[in-house]
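As a plain string of letters, each chain reads:
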Amino acid sequence: MITIGTYRVKNEGRWIGESLERTLQVADRCIVLDNESADDTCVIARSFGSRVTVIEQPPGTPFNEANDKTILLKAAVQEKADWVFCLDGDEVLTLGAVNEAREIFYIGAPGIYFFRIAYLWDHPEQERCDSLYNEILAPRLFSMFDQKLSPISYRTTDHTGNMHCGSLPNDYKGRRRDALAVIKHYGYLFAADRERKHAWYNASDTAVGRAREGNYDHII
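Let me sum up the structure you'll find in this document.

Parameters at a glance
Residues numbered from 1 in each chain as written. Predicted model: local features only at pLDDT ≥ 70, side-chain atom pairs only at ≥ 80, totals over all residues. Heavy atoms only, no water. 1 Å grid on protein atoms, 1.4 Å probe; cavity = no way out; pocket = protein on both sides within 12 Å on 5 of 7 lines; lining within 4 Å. Points joined across faces, edges and corners; volume = space filled by probe spheres on them. Helix = DSSP H or I, 4+ residues; strand = E, 2+ residues; numbered from the N terminus. Nonpolar A, V, L, I, M, F, W, Y, C, P; charged D, E, K, R; others polar. Buried < 20%, exposed > 50% of the residue type's maximum accessible area, 1.4 Å probe, protein only. Pairing = 2+ DSSP bridges.

**Quick word on empty space enclosed by the protein**
Next up, step 1: All chains considered together, the criterion is met by one cavity of 30 Å³ or more.
Next up, step 2: Estimated volume of the largest cavity: approximately 70 Å³.
Next up, step 3: Thr6, Tyr7, Arg8, Lys69, Leu72, Cys86, Leu87, Asp88 and Tyr154 together form the lining of the largest cavity.
Next up, step 4: Mapped onto the lining of the largest cavity, the elements with two or more residues apiece are strand S1 (3–9), helix H3 (65–78) and strand S4 (83–88).
Next up, step 5: Split into classes, the residues belonging to the lining of the largest cavity amount to five nonpolar, one polar and three charged.

This is the structure in structure tokens:
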């Protein structure tokens, strides 16, 4: 069984090293699609050698989350992936998630595995748990050996650049399974990052998209 980790990233130099290190404890290889990072994201990713492939988008490539995820999944299929870990650059598997993934692979039960995302807030040992953060489950691991997707594509959305297109491709059919372990999310750790992302989403997304997301006020 071959497991591939996929990442769509931009300026994740603070977290990508820890994330890749942990993912590579359970994945055979990782593929990182970089969208013009201005920091050391690509340098760090390439430091893992042949186990990490970095795809750099040409300058000026239009923002399109669905297209980027299609590129990543096609690359994983070319690597003959039986399982795909679809992660963000600011997400890190806990040791519990690594061990549970190993157990999943050993058992071999196909499907979509949802992990609880722990949003770290103001301190690396502090998690936000109120409101919608109380129980966020997200599909992060899915089987491919039981799928025949042709063509591979991700859904379009009414958000700018097909944001929030999801982790699963079109026409994916599989049983939902809830994992017990947790994935840490670092992207909202610092207030300055939360404010910057809140402003970016509101400036970038369509009026319809912003309304659906509640003007992204949950970020701050």
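**Comments concerning the pairing of strand S6 (residues 112–119)**
Next up, step 1: Counting buried positions along S6 yields eight of eight residues, so the element is predominantly enclosed.
Next up, step 2: Residues Ile112, Phe114, Arg116 and Ala118 point to one face of S6 and Tyr113, Phe115, Ile117 and Tyr119 to the other, with burial holding for every one of them.
Next up, step 3: Summarising the sheet, S6 and strand S8 (residues 176–185) pair through seven bridges and their orientation is parallel. If you follow arginine 116 over to S8, its bridge partner there is valine 182.

**Some remarks on the layout of surface pockets**
Next up, step 1: In this structure, the largest pocket encloses a volume near 1400 Å³.
Next up, step 2: Elements with a contribution of two residues or more to the lining of the largest pocket: S1, H3, S4, S6, strand S7 (137–143) and helix H5 (191–204).
Next up, step 3: Of the residues that constitute the lining of the largest pocket, the class distribution is 18 nonpolar, 10 polar and 14 charged.

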